[in-house]
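Structural description and commentary
Residues per chain, in single letters:
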Amino acid sequence: MLDAIVGGLVVLLTPQAMAFLLIGVVYGLMIGILPGLGGIVALALLLPFTYGFEVAATLALLLGGHIGTIWGSSVTSILFNVPGAAKSLALCFDGYPMTKRGEATRALGASAMGALLGGVFGAVFLAISIPIVRPIMLALGPSEYLMMAVWGLTIIATFSEGSLLKGMIAAVLGVLIAFIGMDIVTATPRFTFDSEFLMDGVSFPVAMIGMFAIAEMMKLYVKGGAIVDRSVVKETSTVLDGVRDAFRHWGLVMRSSLLGLWIGVLPGVGASVGGLAAYAQAAQTSKNPDQFGKGNVEGVIAPDATLGANEGGGLMPTLAFGIPGGEGMAILLVAFIGLGIVPGPEMLTKNLDLVFSMVWLVVLANLLVTLIGLGVAPYLARLPTLHPNVMVPLVLSVCLIGAFATRGLIEDVIVAVGFGILGYFMDKYHYSRANFVIGMVLATMIERNLHISLTLYGDYFIFTRPVTLAMFVFIIITTALPFIRSRRRRRAQREAISAQRAEGRAT
Amino acid sequence: MKTRTKWLIAVMAASLVGGFAGQAAAQKSDYYKDKVVNLIIAGSPSGGHSRYARLIAPYLQKHLGASELRISNMRGGGGLKAANHMWRVKPDGMTVAFGNASTLIFAPIAGSKGAKFIATEFAFLGRATSEPRMLMVGGKSSIKTFQDLQKLDRPFIYPSQGTDEDFYTMAILSDALGFKLKAVTGYEGNADTALAVIKGDGDGHITGWSESQAAIKSGDKRPILVVTSQRIPDYPDVPTAIELASAGKRGMLEAMSNILETHRSYYAPPKTNPEAVAAFRAAVDAALNDPALLAESKKGNRPVSFMNGNQQQAAIEQIARESGGLAPVLKAAVKAIQ
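Thoughts on the overall build of chain A
When helices and strands are counted, chain A shows 22 helices and two strands. Its C-alpha atoms give chain A principal-axis dimensions of roughly 85 × 60 × 60 Å. Within the span of chain A, comprising 507 residues, buried residues form 56% of the whole. Counting contacts in chain A only where the partners sit at least 6 residues apart, residues at least 24 apart contribute 79% of the total. Within the structure as shown, chain A displays about 20600 Å² of accessible surface, and the carbon and sulfur contribution to it stands at 70%.

Structure below.
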């Protein structure tokens, strides 16, 4: 295996491969910054240029481009509350509040460093777990995916500050929106009003562009003034603060990377769930859970680390079974076949050095992204200080073009605007938009896996499948723990008070 | 026997018509010269249709003489969305779709609410490829041959994405070859269903031959039945569905495999300008016989199997007439999952 690790790296050290990696990363960063366009578009556009070069260079170009988009998407989430892609949505929750507080540079630094550490940890874990990937993939099925989604739901509580009822209403609204379109089980049109456009449902990235970006621009216009007014809020942070943050929370980075790796490995659990799950996990394990959603740097590090590690994980089903884990990977597979690489279990034995080349590429691409990111972060952080007369039209036009570009449909622009208005009022009346998103993402995952589990394993599948049962118990415990803890604390306080009183009376 | 003869006549007639039209088209038309042609791929950018459409595109553009061939992807409803769109497009021949013709035929027969078109009224412009399709079971499954499947004392569990052409195929197989079927719908994609089969959650599924090659080689999957009309040289022992059918059911399976073999094709809206149709068919003909394309297709392991547009049109009309008998089976299958 050591030979393969070294061999994989040596192949990459050619001028052509390195140049292609750089081109891929820069291109990916640019695509990522545009809302609505993400890794899939980046890869699809690169594909025609991949014929006739050496294998390492082609892989460098493709993987570099794919990885560049991830951090590119995080940038706009942090600076403008505009998710560059659906999966970087979780970065909006704490990244944008940090920007508003004058810590944009720190947030960008933490995000870039989180992505790098996630990428590196992900690669290391990947290398270690190669022998167990197949058994684990075969052990987990729809009922376990269902439990993961249910666990994701528990995060609704985190965002329901003030009123749990309002939080629930927002989440249910998200679920209802997700149900628009052809039902995934019986192919019956639901809530489509005979409209052909609605048959495919509401596109998630488009809804997010509206809900966050357009709503934010409306808010900015109504409020007046820039997102960050330097005469009021000084930029107090540096990139190094962010880098330090990432290293200080190394436990969080490790957990998030592992999570990202396995979410990548499992087909059927998408990266947009990954970002949210990372966030949920960060909030649940944090020492300051009440700071989440208000600009806690942990909420920035965790999703980026997860997304960084996710890429390496996504390679696994593609390589081990020849089954692409996601659409981005499906495009990579097309390129593999074009290059004469036949994916399958042999990849993990005979062609192991090629696998390690890819793992190295993930690491190197992340390193490049982070270096570039740390370099440009202070300049990017100035963008939110732009006057709204420049900012609002600029961001709005990019958003509307992005909404159109996701599927090339003009109806999507209307949908984005509709969600913009909805998002504006939800924010104004304190209905959590984050809960809406969680409902929308998890609804389909829950419906799909609940149905499959019931048909395959019967009505009592939770109790007949040991792994599912263990996960179920885990969910109950992690959800109940904060309540038990606070009750114990209260009881201890009460006892202390009555003890004091008793003491007072005695004396 | 009766259907057999009818088929024979149809194919002969079709090739005759095809032959004449082929000659007519040989006079090169300038209809598309220096024009911009839009090609809509009915599927995602990562799917098989895209792969083929993009492989052929440069050659098609050359033989059309078009100044540009603009490719876009329209996914949704397993190709139905693009078909519905094509149904309403201006029939000047400047917008052409590339997708799975068998979906166009199956969906209306099954009474799918998503299909808002009549398949035979589209102008079919030529088939690029038709890949053999097979029924696969998991490598560790107790089912080793199709006979094992028929002897099964429980329903055959079939993980499925929904009502696509493989779902319809499975329903017809179960009816014609006499085995009980339990379709589990709701899976997200091919990766998901393939893993379910390898894992043993499901018994088997239908895929294109090339798609499962790696899995067969590694022992993760085993082919037990060919659902298209001919045995595959790489797996000479795997029977075709038609061979195994009783005389009474054979016609049904022939209709099915004929539908499946219409596969990846170009098509234009109804009442498309005949001059455009002739010019496009000629260009598809020339492109798919271009030695440079053939070399590239061989190198990239993406085999083409061309069928002339005129021939295809006649064949599809014939298929649609013959396959009315499938309707009750397909409708029952859709009902079973609802």
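Moving on, there is more to tell.
A look at the domain arrangement of chain B
Interfaces are often sized by the amount of accessible area the parts lose when they come together. All names here are of chain B. Domain assignment breaks chain B into domain 1 (2-130 + 262-323) and domain 2 (133-258). Tallying the contact residues gives 15 residues for domain 1 and eleven residues for domain 2. Counting each side, the surface lost to burial between domain 1 and domain 2 is near 1000 Å², with a carbon and sulfur contribution of 57%. Counting across the domain 1 and domain 2 interface gives zero salt bridges. The interface formed by domain 1 and domain 2 holds two residue pairs in polar contact (both at pLDDT 80 or more) in total. Elements represented by at least two residues in the side of domain 1 that touches domain 2 include exactly α1 (2-26) and α4 (101-109). For the side of domain 1 that touches domain 2, the element with the highest residue contribution is α4, accounting for four residues. For the side of domain 1 that touches domain 2, the residue count by class is five nonpolar, nine polar and one charged.

As for unusual backbone geometry
Residue and element names in this part refer to chain A. Positive phi is not limited to glycine here, since N81 has a value of about 65 degrees. Summarising the element assignment, N81 is placed in the loop between α4 (55-80) and α5 (90-100). Residue N81 is classed as buried on the basis of its relative accessible area of 3%. Of note in the backbone geometry, D194 takes a positive phi value of approximately 60 degrees without being a glycine.

Some details on the nonpolar core
Most often, soluble globular proteins keep nonpolar side chains buried together rather than apart. In terms of nonpolar packing, the biggest core is built from 170 residues, with A:F93, A:M358 and A:M440 touching the most fellow members. Among the elements that take part in this core, helix α6 (residues 104-139) of chain A stands out by supplying 15 residues, more than any other. Those residues in contact with A:F93 that lie beyond four places of it in its chain are A:F159, A:F212, A:L276, A:Y279, A:G293 and A:A434. Core analysis: the second largest hydrophobic core is formed by 60 residues, B:L135, B:V137, B:A241 and B:L326 among them.

Quick word on the side chain of A:T69
Tracing the chain through its elements places A:T69 in helix α4. Every residue in contact with A:T69, bar those within four places of it in the chain, is listed here: A:G28, A:L29, A:I31, A:G32, A:G38, A:G39 and A:A42.

Description of the sheet that holds strand β9 (residues 221-226) of chain B
Residue and element names in this part refer to chain B. The strand order β8-β5-β9 describes an open sheet built from three strands, whose pairing is antiparallel. Edge positions in the sheet fall to β8 (204-208) and β9, since each of these pairs with one other strand and no more. Ignoring strand direction, the axes of neighbouring strands in this sheet form an average angle of 40 degrees. One ladder, built from five bridges, connects strand β5 (residues 133-138) with β8; its direction is antiparallel. Considered in β8, the bridge of V137 is made with G204. The strands touched by helix α8 (residues 209-217) within the sheet are β5, β8 and β9, with β8 carrying the most contacts at an inclination of about 120 degrees.

Focus: the environment of A:K166
Turning to its location among the elements, A:K166 is positioned in helix α9 (residues 164-178). For the pair A:K166 and A:Y431, spaced 265 residues apart in sequence, the C-alpha to C-alpha distance is 5.5 Å.

About the cut-offs
- Residues numbered from 1 in each chain as written.
- Chains lettered and ligands numbered in written order.
- Predicted model: local features only at pLDDT ≥ 70, side-chain atom pairs only at ≥ 80, totals over all residues.
- Heavy atoms only, no water.
- Helix = DSSP H or I, 4+ residues; strand = E, 2+ residues; numbered from the N terminus.
- Buried < 20%, exposed > 50% of the residue type's maximum accessible area, 1.4 Å probe, protein only.
- Contact = heavy atoms within 4.5 Å.
- Areas by Shrake-Rupley, 256 points an atom, 1.4 Å probe, with all protein chains shown as cover.
- Domains from an automatic or database assignment.
- Buried area = accessible area lost by both parts, 1.4 Å probe.
- Salt bridge = Lys/Arg side-chain N within 4 Å of Asp/Glu carboxyl O.
- Polar contact = N/O pair within 3.5 Å; in protein donor to acceptor, adjacent residues only side chain to side chain.
- Nonpolar A, V, L, I, M, F, W, Y, C, P; charged D, E, K, R; others polar.
- Core = buried A, V, L, I, M, F, W, Y, C linked by side-chain atoms within 4.5 Å.
- Pairing = 2+ DSSP bridges.
- Axes fitted to C-alpha atoms, helices over the stretch in contact; angles between N-to-C directions.

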